[in-house]
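This is what each chain is made of:
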Amino acid sequence: MKEIVKLGMILLIITTVSATVLGVTNNVTLPAIQKQNEIANIKARKEVLPEADDFRAVKDENIKSEIIKEIYEGLNGNDVVGYTIKTAPKGYGGEIEVMVGIGTDGTIHGVSIGNHAETPGLGAKAADKEFKGQYKGMSVDKNIEVIKNPGPKENEIVAISGATITSKAVTDGVNEAIRVYNEVLK
């Protein structure tokens, strides 16, 4: 009995020390991680709306969506040139960060894929220029659809072979950005 209590106390001490070290490490690295995330977000905003030289957060209580994470107004001087809308639809491996740039001309200026846990070699191809480039120049007048065969028509994109769930998730994120743009921001 004494041996079990002794082993339990040793285990308690080890886990307490480990938890304390992990907590301190998290507190020390958290500001750096947040800064890197913000730098990545700024880079993604500039990628999807290159004509903007500054971005201002949009706070609107009328925006009701579970997957919209942030909206920024893209400015060139004092002129609004478009909006960047970050969504997080659920893909095959979990949430996929999708940043969409929509210009005031009513077209998609770019799509960027951020953090995701999609399968390497399959769903992870959503971040490739070949896939996300399909959205560029599309009109926001109607939703985008995913097709499996080459030869897309207007407002259709070709799914990633073997990753239809990921392709549909990214398109759901883009379509949600289009909906918010048309209903609230336009």
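Residues numbered from 1 in each chain as written. Predicted model: local features only at pLDDT ≥ 70, side-chain atom pairs only at ≥ 80, totals over all residues. Heavy atoms only, no water.

As named in an unreviewed UniProt entry, the protein is Ion-translocating oxidoreductase complex subunit G, taken from Tepidibacter thalassicus DSM 15285. UniProt, in the comment section headed Subcellular location (unreviewed entry), describes the protein in these words: "Cell membrane". What UniProt records for the protein under Sequence similarities (unreviewed entry) is the sentence "Belongs to the RnfG family." (UniProt positions renumbered as here; feature names shortened; annotations may be inferred.)

A.B. asks: Would you take a moment to explain the pairing of strand β5 (residues 108-113) for this structure?
C.D. replies: Burial analysis of β5 places six of its six residues in the buried class, which makes it a mostly covered element. Connecting strand β4 (residues 98-103) to the next strand, β5, in antiparallel fashion are four residues, including G106 with a positive phi near 85 degrees. (Buried < 20%, exposed > 50% of the residue type's maximum accessible area, 1.4 Å probe, protein only. Helix = DSSP H or I, 4+ residues; strand = E, 2+ residues; numbered from the N terminus. Pairing = 2+ DSSP bridges.)

A.B. asks: Sorry, what's going on with the UniProt feature "modified residue: FMN phosphoryl threonine" (unreviewed entry) in the protein here?
C.D. replies: Per the UniProt record, "modified residue: FMN phosphoryl threonine" (unreviewed entry) is annotated on T164. Within the fold, T164 resides in helix α3 (residues 164-185).

A.B. asks: Hey, could you run me through helix α1 (residues 2-48) in this one?
C.D. replies: Within an α-helix, residues lying three or four positions from one another point in the same direction, as the helix has 3.6 residues per turn. Taking 1.5 Å per residue as the helical rise, α1 with its 47 residues ought to reach 69 Å, and the 65 Å between its terminal C-alpha atoms agrees with that figure. Along α1, the sharpest kink reaches roughly 40 degrees, centred on T29 and followed within four residues by the proline P31. Residues N41, A44, R45 and V48 constitute the buried set of α1. Taken together, the buried residues of α1 touch β1 (54-57), β2 (68-76), β3 (79-87), β4 and β5. (Expected span 1.5 Å × (residues − 1). Bend = angle between axes of the 7 residues up to and from the residue. Contact = heavy atoms within 4.5 Å.)

A.B. asks: Help me understand the packing of aromatic side chains, please; the structure alone is not making it clear to me.
C.D. replies: How two aromatic rings sit relative to each other is given by the distance of their centres and the angle of their planes. Tallied over the entire structure, the rule returns two aromatic pairs. Centre to centre, the rings of F131 and Y135 are 5.8 Å apart; their planes meet at 85 degrees, and the pair counts as edge-to-face. For Y135, a relative accessible area of 0% puts it in the buried group. Here the guanidinium or amino end of R45 rests over the ring plane of Y72, the centre of that ring lying 3.7 Å away. (Phe/Tyr/Trp six-rings, centres within 6.5 Å; stacked < 30°, edge-to-face > 60°. Lys NZ or Arg CZ within 6 Å of the ring centre and 35° of its normal.)

A.B. asks: Even after reading the chapter, I still don't get the sheet that holds β3, so can you show me in this structure?
C.D. replies: Paired through backbone hydrogen bonds, the strands of a sheet run either parallel or antiparallel to each other. Strand order in the open sheet formed by five strands is β1-β2-β3-β4-β5, with antiparallel pairing between adjacent strands. The sheet is open, and its two edges are formed by β1 and β5, each paired on a single side. Going across the sheet, the axis of each strand differs from the next one's by a mean of 25 degrees, ignoring polarity. Here β4 runs beside β5; their pairing, made up of five bridges, is antiparallel. Bridging from a neighbouring strand, V98 pairs with I113 of β5. Sheet strands touched by α1: β1, β2, β3, β4 and β5. Its angle to β5, the strand with the most contacts, is close to 150 degrees. (Axes fitted to C-alpha atoms, helices over the stretch in contact; angles between N-to-C directions.)

A.B. asks: Teacher, can you tell me more about the UniProt feature "domain: FMN-binding" (unreviewed entry) in the protein here?
C.D. replies: Mapped onto this structure's residue numbering, the UniProt feature "domain: FMN-binding" (unreviewed entry) falls at residues 91-181. The span residues 91-181 is 24% helix and 20% strand, and its two end C-alpha atoms sit 22 Å from each other.

A.B. asks: I'm lost on the pattern of salt bridges in this one. Help?
C.D. replies: Think of it this way: side chains of opposite charge can pair up when their charged atoms draw near. Overall, the coordinates contain seven salt bridges when judged by the stated rule. In this structure, the salt-bridge partner of K132 is E47, at a minimum N-O distance of 3.0 Å. Within this pair, whereas K132 is found in helix α2 (residues 129-132), its partner E47 is found in helix α1, the two being separated by 85 residues in sequence. You can call E47 partly exposed: its relative accessible area is 39%. (Salt bridge = Lys/Arg side-chain N within 4 Å of Asp/Glu carboxyl O.)

A.B. asks: I would appreciate a short explanation of the environment of K186 in the present structure.
C.D. replies: Within the secondary structure, K186 is located in the segment after α3. Residue classification places K186 among the exposed positions, given a relative accessible area of 63%. Residues K186 and A163 lie 23 residues apart in sequence; the distance between their C-alpha atoms is 33 Å. One polar contact links K186 to N182, side chain to side chain, over a distance of 3.5 Å. (Polar contact = N/O pair within 3.5 Å; in protein donor to acceptor, adjacent residues only side chain to side chain.)

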